[in-house]
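Chain by chain, the residues run as shown.
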Amino acid sequence: MRANKNLCQLTVGQEAVIVSIEGGHGFRNRILSMGLHPGDRVKVVRASPFRGPLLIENLDQGFCLALGRGMAAKVLVEIPEEGVGE
Amino acid sequence: MSKRIIALVGQPNCGKSTLFNAVAGYKASTGNFPGVTVSYAESPVTLGETTFQLVDLPGIYSLSTQEPAERVTLEYLLEKEAHFVINVIDATTLSRSLELTLQLMELELPLMICLNMVYEAEKKGILVDPQTLETALGVPVMTTVASKGWGVKELFAQALEVMDKARAKPPKYSLHVEREVGCVKSLITNLKTAKNIPLRFLALKLLEGDEYFTSLVRNEAPHLIPKVEECLNRLVKAHGQPPEMVISGERHALAMHIFEGAAKVTAREEGTPFREKLDAVVMDPILGYIILAGVFLGLLYLTFFVGSFLADQIAGPFDRLTQLFQGRGAWSPFMVGIIQGIAGGVGIVLPYLVPLLFLLSLLEDIGYLPRAAFLLDGLMHRMGLHGKSVIPFILGYGCNVPSIMAARIIESPRDRFITLLLASLIPCSARTSVILGLQAKYLGPLWAMALYMVNVIVLGFVGFLLSRFQKEASPGLILEIPPYRLPTLASLWKKTWYRLKDFAVYAWPIILAGSIILEALTYLHVDKTINALLAPLTVWLLGLPAAVGVTLFFGIFRKELTLIMLFQALGTFNIQSVLTHTQILVFVVFVTFYIPCLSTLAVLWREGGWKVTWASALLNTTLALVLAFLARFVGMAFFP
């Protein structure tokens, strides 16, 4: 079973694969150039308090980005099969 | 022959500025967070018998035209001012970095790769074979560890040798992309716009839907736009994705392909890596804030203890020297002025400046600031700002000038306006020397800490109010969180020295001149006029002695002057004998908040225009008056 979610809906520590990036031309461009692409495996490492940003690790390339929640909600992901139901 | 120009291009935090400083001496600002170089630094470099000009361009993630740093770099490269480009790559993020490399290759410039931080990559389990990379890209590749200076000389020697031969060939993408590139190329081949821009690069930018380049073509030949859009739509239809995703996806795939061919990735070592362990503590929802407060207070306490110890050692001898020259004929004002000017720099300001700048450099280079930004982003949003503003704010404790320049990393004009305004309220190292040298020394360090806390609360309150006036929502944060790096003592000292030099070169002459002028004014009894003019403010409103008026006037030039001249104007190094505790408190509060110094105002004007400059001067002065007036009552309550 596969679930379609956005980065914001993941729990801390959960891994997922990016499916697509919503939002406008400029926003997509920035996310892509900072190294998040469809097909990349990512993990939510931690969440900042006060509805602050999420710390996203790109597992394929090994770097971390702090991403505001509004932006994270525009990054759609799917959870690999073995990850569901944990 | 005119001097050859070599430009360094790379992604943020890849070590460009470190590389630049390794050969050019300390001239570019570095730090372990993205976006340190906001405008570019350049310097002549001599290697053997050849001298060339080295340019450190701002770090960018891609060659788009969205962000100021990207535009600066792209324009520089398109104007073909550089004879040679060195693309600096952080080997730990090789596959992402290669996407920028591919874009640079599309510009068809003479190009070479500097693979930096190779040891860090090895530690992460990424082994790169430079030979394979060289073959795959078709441009020379050299490896370096710029932070230790390894491979740096060889890099530039190689660059000088190949600079006329190495020219990048644009990468080829999949068939249907190439077909549309060909189609767009044939459309735009005769345009004037295309004269200065490589045809293929321009065609790709149009296919990506880049607004800047599309508008260039629209201005020259509006009839071509629908035809370009036809190509673009065919591409979008074939891929089922927006245009910029198609091209970027192609680059990404090619970069991954090259990366997989040239790098061997071994499994990471067992156990949790150091970074994650430390992050778990430093970025913890509770511990993180305690550490943040601890770091902040520790910074100030340590600065105060080291500073006051040093100041005590130096003050005595200068005091005796001054007494030696006092009241000895017509030239004595000048001698006293010179001695006190030097003493003011060495004995009062420098002791606090050195530890503060050193500790700030340490925080910067370790990589703590982006983590502070991560923690504070949520809170900053309540103030209508976002976490990126934290970086200019923290830099502001060193000096407001670089902090105002660092506000360039904030994209939205609205956020930048508020950040600029608030940044000028941060007590910089000059104001810190006043706070520590007077308030902490005579009233106790807790009083100084309390003042910093009041300052933070005022910042939050003003930010909250300002964001009500500007309703537009603040966009979220995107910030790379770099790995921790342990800076060498030498590089920390160099950085501290680089900032101290600014004090020695710009501030000291002003302080010296100021001291001499003050002595001369006293000698001619002009200071009394200034003091009398300022008396309504100083005496009536704030309850200070009239003699401090002249120090506040000079403080507009440099904030340190208020402290140095206070000793001079009151004629003693023992302030307690002439000022009450309440008066010290009121004086320090006023100096902390009142009108930013001239250099800050000048850089505010340049970065944000007259509106923000006036707003800042007005806001700071109003706050200073209100808070200093309130401080009178606080003083009365605590020091009866």
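We now turn to the structure provided with this report. (Residues numbered from 1 in each chain as written. Chains lettered and ligands numbered in written order. Predicted model: local features only at pLDDT ≥ 70, side-chain atom pairs only at ≥ 80, totals over all residues. Heavy atoms only, no water.)

### Topic: the overall build of chain B
Step number 1: The secondary structure content of chain B amounts to 26 helices and nine strands.
Step number 2: Rg of the C-alpha trace for chain B: 28 Å, near the compact-globule value of 26 Å for 640 residues, within the 12% margin.
Step number 3: Dimensions of chain B along its principal axes, counting C-alpha atoms only, are 85 × 55 × 55 Å.
Step number 4: Of all 640 residues assigned to chain B, the portion counted as buried reaches 56%. (Helix = DSSP H or I, 4+ residues; strand = E, 2+ residues; numbered from the N terminus. Rg over C-alpha atoms; globule rule 2.2 N^0.38 Å. Buried < 20%, exposed > 50% of the residue type's maximum accessible area, 1.4 Å probe, protein only.)

### Some remarks on the pairing of strand β3 (residues 41–47) of chain A
Residue and element names in this part refer to chain A.
Step number 1: As judged from the three bridges shared by strand β2 (residues 15–21) and β3, these two strands associate in the antiparallel manner. The residue bridging Glu15 from the neighbouring strand is Lys43, located in β3.
Step number 2: Pairing geometry for β3 and strand β4 (residues 54–58), over five bridges, is antiparallel. Counterpart to Val42 in the pairing with β4 is Asn58.
Step number 3: The turn linking β3 back onto β4 is made up of six residues, and Phe50 within it adopts a positive phi angle of 60°. (Pairing = 2+ DSSP bridges.)

### Topic: the packing of aromatic side chains
Residues and elements named next belong to chain B.
Step number 1: Within the structure shown, the criterion is met by 16 aromatic pairs over all chains.
Step number 2: Between Phe553 and Phe557 the ring centres are 6.2 Å apart and the planes differ by 80°, which places this aromatic pair in the edge-to-face class.
Step number 3: Judged by its relative accessible area of 38%, Phe553 falls in the partly exposed class.
Step number 4: Residue class for Phe557 comes out partly exposed when judged on its relative accessible area of 34%.
Step number 5: The rings of Phe201, Tyr212 and Phe213 are connected pair by pair, giving a single aromatic cluster.
Step number 6: Just above the ring of Trp150 sits the side chain of Lys148; from NZ or CZ to the centre is 5.7 Å.
Step number 7: One residue, Arg371, lies across the ring of Tyr484, its end atom 3.8 Å from the ring centre. (Phe/Tyr/Trp six-rings, centres within 6.5 Å; stacked < 30°, edge-to-face > 60°. Lys NZ or Arg CZ within 6 Å of the ring centre and 35° of its normal.)

### Concerning the sheet that holds β3 of chain A
Strands in a sheet are paired, the pairing made by backbone hydrogen bonds, and the direction either parallel or antiparallel.
Step number 1: Taken in spatial order, the seven strands of this open sheet run β1(A)-β6(A)-β2(A)-β3(A)-β4(A)-β5(A)-β9(B), and their pairing is antiparallel. Only two strands of the sheet have a single partner each, and these edge strands are β1 (4–6) of chain A together with β9 (478–481) of chain B. Neighbouring strand axes in the sheet, compared pairwise and without regard to direction, differ in orientation by 40° on average.
Step number 2: Along the sheet, helix α12 (residues 274–282) of chain B makes contact with β3, β4 and β5 (63–67) of chain A together with β9 of chain B, crossing β3 of chain A at roughly 35°. (Axes fitted to C-alpha atoms, helices over the stretch in contact; angles between N-to-C directions. Contact = heavy atoms within 4.5 Å.)

### Looking at helix α9 (residues 211–220) of chain B
All names here are of chain B.
Step number 1: Of all the residues in α9, the buried ones are Phe213, Thr214 and Val217. For α9, the buried positions fall inside an angular range of 100° around the axis, keeping them on one side. Opposite the buried face of α9, by more than 90 degrees, sit the exposed residues Glu211 and Asn219.
Step number 2: Each element contacted by the buried residues of α9 is listed here: α2 (68–78), α8 (199–208) and α10 (224–239). (Arc of directions from axis to C-beta.)

### Observations regarding the packing of helix α7 (residues 175–188) of chain B against α10 of chain B
Two quantities define a packed helix pair, namely the angle between the axes and the distance from one axis to the other.
Residues and elements named next belong to chain B.
Step number 1: Relative to each other, α7 and α10 sit at 180°, their axes nearing to 10 Å. Here α7 is positioned roughly antiparallel relative to α10, judged by the angle of their axes. Residues His176, Val177, Glu180, Cys183, Val184, Leu187 and Ile188 of α7 lie in contact with α10, whose contacting residues are Leu224, Lys227, Val228, Cys231, Arg234, Leu235 and His239. (Parallel < 35°, antiparallel > 145°, perpendicular 65-115°, else oblique.)

### Describing the interface of chain B and chain A
Step number 1: The partner chain A presents 33 residues to the 41 residues of chain B that form the contact.
Step number 2: Buried area between chain B and chain A, summed over both chains or domains, comes out near 3,300 Å², and the portion from carbon and sulfur atoms is 58%.
Step number 3: Contact with chain A buries area across many residues of chain B, yet Glu244, Phe374 and Ile478 of chain B alone supply 20% of it, more than any other trio.
Step number 4: The interface formed by chain B and chain A includes one salt bridge.
Step number 5: Across the salt bridge formed by Arg28 of chain A and Glu244 of chain B, the nearest N and O atoms sit 2.6 Å from each other.
Step number 6: At the surface where chain B touches chain A, the tally comes to 13 residue pairs in polar contact (both at pLDDT 80 or more).
Step number 7: Elements that contribute at least two residues to the side of chain B that touches chain A include exactly α3 (94–106), α11 (243–262), α12, α15 (368–382) and β9 of chain B. (Buried area = accessible area lost by both parts, 1.4 Å probe. Salt bridge = Lys/Arg side-chain N within 4 Å of Asp/Glu carboxyl O. Polar contact = N/O pair within 3.5 Å; in protein donor to acceptor, adjacent residues only side chain to side chain.)

### Concerning α15 of chain B
Step number 1: Here α15 of chain B spans 22 Å end to end across 15 residues, near enough to the 21 Å set by a 1.5 Å rise per residue.
Step number 2: The complete set of buried residues in α15 of chain B reads Tyr368, Leu369, Pro370, Arg371, Ala372, Ala373, Phe374, Leu375, Leu376, Asp377, Gly378 and Met380 of chain B. (Expected span 1.5 Å × (residues − 1).)

### Some thoughts on a negative patch on the surface
Residues and elements named next belong to chain B.
Step number 1: Judged by side-chain charge, Glu42, Glu75, Glu79 and Glu81 come together as a negatively charged surface patch.
Step number 2: Its place among the elements puts Glu81 in the loop between α2 and β4 (84–90).
Step number 3: Under the relative-accessibility criterion, Glu81 is labelled partly exposed at 35%. (Patch = residues over 30% accessible without salt bridge, like charges linked within 9 Å, V, L, I, M, F, W, Y side chains within 5 Å. Areas by Shrake-Rupley, 256 points an atom, 1.4 Å probe, with all protein chains shown as cover. Lys, Arg positive; Asp, Glu negative; His and termini not counted. Charge placed at Lys NZ, Arg CZ, Asp CG, Glu CD.)

### What about the environment of Gln340 of chain B?
Residue and element names in this part refer to chain B.
Step number 1: Inspection of the secondary structure puts Gln340 in helix α14 (residues 332–366).
Step number 2: Sequence separation of Gln340 and Leu224 is 116 residues, and the distance between their C-alpha atoms is 71 Å.
Step number 3: Once residues lying within four places of it in the same chain are set aside, the contact partners of Gln340 are Thr322, Ser515, Glu519, Ile564, Gln568 and Phe573.

### Topic: the side chain of Ser97 of chain B
Step number 1: With respect to the secondary-structure elements, Ser97 of chain B resides in helix α3.
Step number 2: A polar atom in the side chain of Ser97 of chain B sits 2.7 Å from the backbone oxygen of Thr93 of chain B.

### Describing the pairing of β9 of chain B
Step number 1: Taking every second residue as pointing to the same face, both faces of β9 of chain B are buried, with Ile478 and Glu480 of chain B on one and Leu479 and Ile481 of chain B on the other.
Step number 2: In terms of strand pairing, β5 of chain A meets β9 of chain B through four bridges, oriented antiparallel. By the bridge assignment for β9 of chain B, Ala66 of chain A is matched with Leu479 of chain B.

### A closer look at a nonpolar patch on the surface
Residue and element names in this part refer to chain B.
Step number 1: Nonpolar side chains collect at one region of the surface, where Leu541, Val626, Phe629, Leu630, Phe633 and Met636 lie side by side and expose about 530 Å² of accessible area between them.
Step number 2: Sort the elements by how many residues they give to the nonpolar patch and helix α26 (residues 598–638) lands first, with five residues.
Step number 3: Relative to the assigned elements, Met636 resides in helix α26.
Step number 4: With a relative accessible area of 47%, Met636 lands in the partly exposed category.

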